[in-house]
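Survey of secondary and tertiary structure
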Amino acid sequence: MKKLLYIVLTILSINSVFCQMSDPLAPLIPKKPKEAGVIIGLGGNYQIGTSYVDCEGCKFENGNKFGYTFGINWEDFLEDNYIKYGFALMYDNLSIRASFREREAFEYEKDRFVGVNFRHTSDMNSNALAIQPYLKFIGFNLIFIKISPSFSYVFSAKVKHEKEILDENVLLPNGENVKIVFPETNSNKIVLENNDYPDINSMQIGLATNIGFDFKVENDFYLSPQFYYYYQFSKFSDYGDNFKIINWRILLELRVKI
């Protein structure tokens, strides 16, 4: 009987220890709360490949332009408190501007031509909405790296093709100085196209990576400056040669515990 009582007491004491260790109300390492935040960012967009416009022989490369991003996110810790998972909903401005120069004959009077330098400019304004599920790896409770596949929907893309005369005045062989303007506008600029960009691939797939820092500003608030880079796997449009739009941003994220 004494042996049986001893065994029972031993089992109960061991069970009590394990119950305390696994008690969800008092874990050894408390799980941190979920967080939600807002994101704003400024940076640049740049072009890969070649884009076209409705103009024979007009091909645009190396386009770039200022861009911006804003969005919201939600994230939670995994059990080890060093890895987070989350989701972000992002609005991206993906505009680009590209140009090239050429020299061609210009009819300044009927049947009278002169060689003139022109600049062609393609100015495209585009916007997209992206969903980004991510994993966030945290080191030293401060620095982090975030990796996310990005699934975007391009809901607008308009292109403006403009042609500009670079030689305001041309000196003819006979010594005559001729002012060169487009007769349609009586100026040195003319808009050749201002339409929706054709053959857009509305659904885009890419990869987003972030590196940044988490600063605790109050008990329930975190401020996270970070560098963001997005690479697009999908072609932006089939109206071009491997035409894609890549972007980078300096982001500022404010999160609150929920």
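Only a predicted model underlies this, so the values are computations on that prediction, with no experimental measurement involved.

Let us now look at the overall build of the protein. Of the regular secondary structure elements, the protein holds one helix and 14 strands. Sequence-distant contacts in the protein: of pairs separated by 6 or more residues, those separated by 24 or more amount to 69%. Total accessible area on the protein is roughly 15200 Å²; 61% of this is exposed by carbon and sulfur atoms.

Let's shift gears to the state of the cysteines. Applying the stated criterion across every chain, the model contains one disulfide. Each disulfide pairs two cysteine sulfurs, and for Cys-55 the partner residue is Cys-58, the sulfurs being separated by 2.2 Å. Looking at Cys-55, the relative accessible area reads 22%, which means it is partly exposed. For Cys-58, a relative accessible area of 4% translates into the label buried.

Before going further, it helps to examine the packing of aromatic side chains. Summed over all chains, the structure comprises 16 aromatic pairs. Measuring from centroid to centroid gives 5.8 Å for Trp-74 and Tyr-85, while their planes differ by 65°, and the two rings are edge-to-face. Highlighted residues: Trp-74 in strand β3 (residues 64-77) and Tyr-85 in strand β4 (residues 83-93), separated in sequence by eleven residues. What makes Trp-74 partly exposed here is its relative accessible area of 27%. Under the relative-accessibility criterion, Tyr-85 is labelled partly exposed at 29%. Centroid distance Phe-106 to Phe-118: 6.0 Å. Interplanar angle 50°. Geometry classified as tilted. Taken as a pair, Phe-106 in strand β5 (residues 96-109) and Phe-118 in strand β6 (residues 112-139) lie far apart in primary sequence, twelve residues in all. Of the residues examined, Phe-106 reaches a relative accessible area of 10% and is grouped as buried. Classification of Phe-118 by relative accessible area gives buried; the value is 0%. Ring pairs connect the aromatic residues Tyr-52, Tyr-197, Phe-236, Tyr-239 and Phe-243, which therefore count as one cluster. Lying across the ring of Tyr-134, Lys-146 places its NZ or CZ 4.4 Å from the centre.

Another aspect to go through is the confidence of the model for the protein. For the protein, the mean per-residue pLDDT works out to 88, and 88% of the residues sit at or above 70. Contacts from residues 1-23, a stretch scored under 50 in pLDDT, to residues over four places away or in other chains number two contacts.

The next thing to look at is the pattern of salt bridges. All told, the structure shown has 17 salt bridges when counted by the stated rule. Close ionic contact of Glu-104 with Lys-163 constitutes a salt bridge, the shortest N to O distance being 3.1 Å. Here Glu-104 is found in strand β5, whereas its partner Lys-163 is found in strand β7 (residues 143-165), with 59 residues between them in sequence. The class of Glu-104 is partly exposed, set by a relative accessible area of 27%. In this structure, the salt-bridge partner of Arg-112 is Glu-176, at a minimum N-O distance of 3.9 Å. Highlighted residues: Arg-112 in strand β6 and Glu-176 in the loop between β8 (169-171) and β9 (177-179), separated in sequence by 64 residues. The partly exposed category is assigned to Arg-112, whose relative accessible area is 33%. You can call Glu-176 partly exposed: its relative accessible area is 32%.

This paragraph deals with the pairing of strand β12 (residues 215-218). In this sheet, strand β13 (residues 221-232) lies alongside β12 in antiparallel orientation, the contact comprising three bridges. Residue Lys-216 lies in a different strand from β13, and its bridge partner there is Tyr-222. Connecting the antiparallel pair β12 and β13 is a turn made up of two residues.

A few words on unusual backbone geometry. Of note, the phi angle at Asp-199 is positive, near 55°, even though the residue is not glycine. With respect to the element layout, Asp-199 can be found in the loop between β10 (189-196) and β11 (203-213). With a phi close to 50°, Asn-242 is a non-glycine residue in the positive phi region. The residue Asn-242 is located in strand β14 (residues 240-257) in this model. Judged by its relative accessible area of 34%, Asn-242 falls in the partly exposed class.

What counts and how
Residues numbered from 1 in each chain as written. Predicted model: local features only at pLDDT ≥ 70, side-chain atom pairs only at ≥ 80, totals over all residues. Heavy atoms only, no water. Helix = DSSP H or I, 4+ residues; strand = E, 2+ residues; numbered from the N terminus. Contact = heavy atoms within 4.5 Å. Areas by Shrake-Rupley, 256 points an atom, 1.4 Å probe, with all protein chains shown as cover. Disulfide = S-S within 2.5 Å. Buried < 20%, exposed > 50% of the residue type's maximum accessible area, 1.4 Å probe, protein only. Phe/Tyr/Trp six-rings, centres within 6.5 Å; stacked < 30°, edge-to-face > 60°. Lys NZ or Arg CZ within 6 Å of the ring centre and 35° of its normal. pLDDT = per-residue confidence, 0-100. Salt bridge = Lys/Arg side-chain N within 4 Å of Asp/Glu carboxyl O. Pairing = 2+ DSSP bridges.

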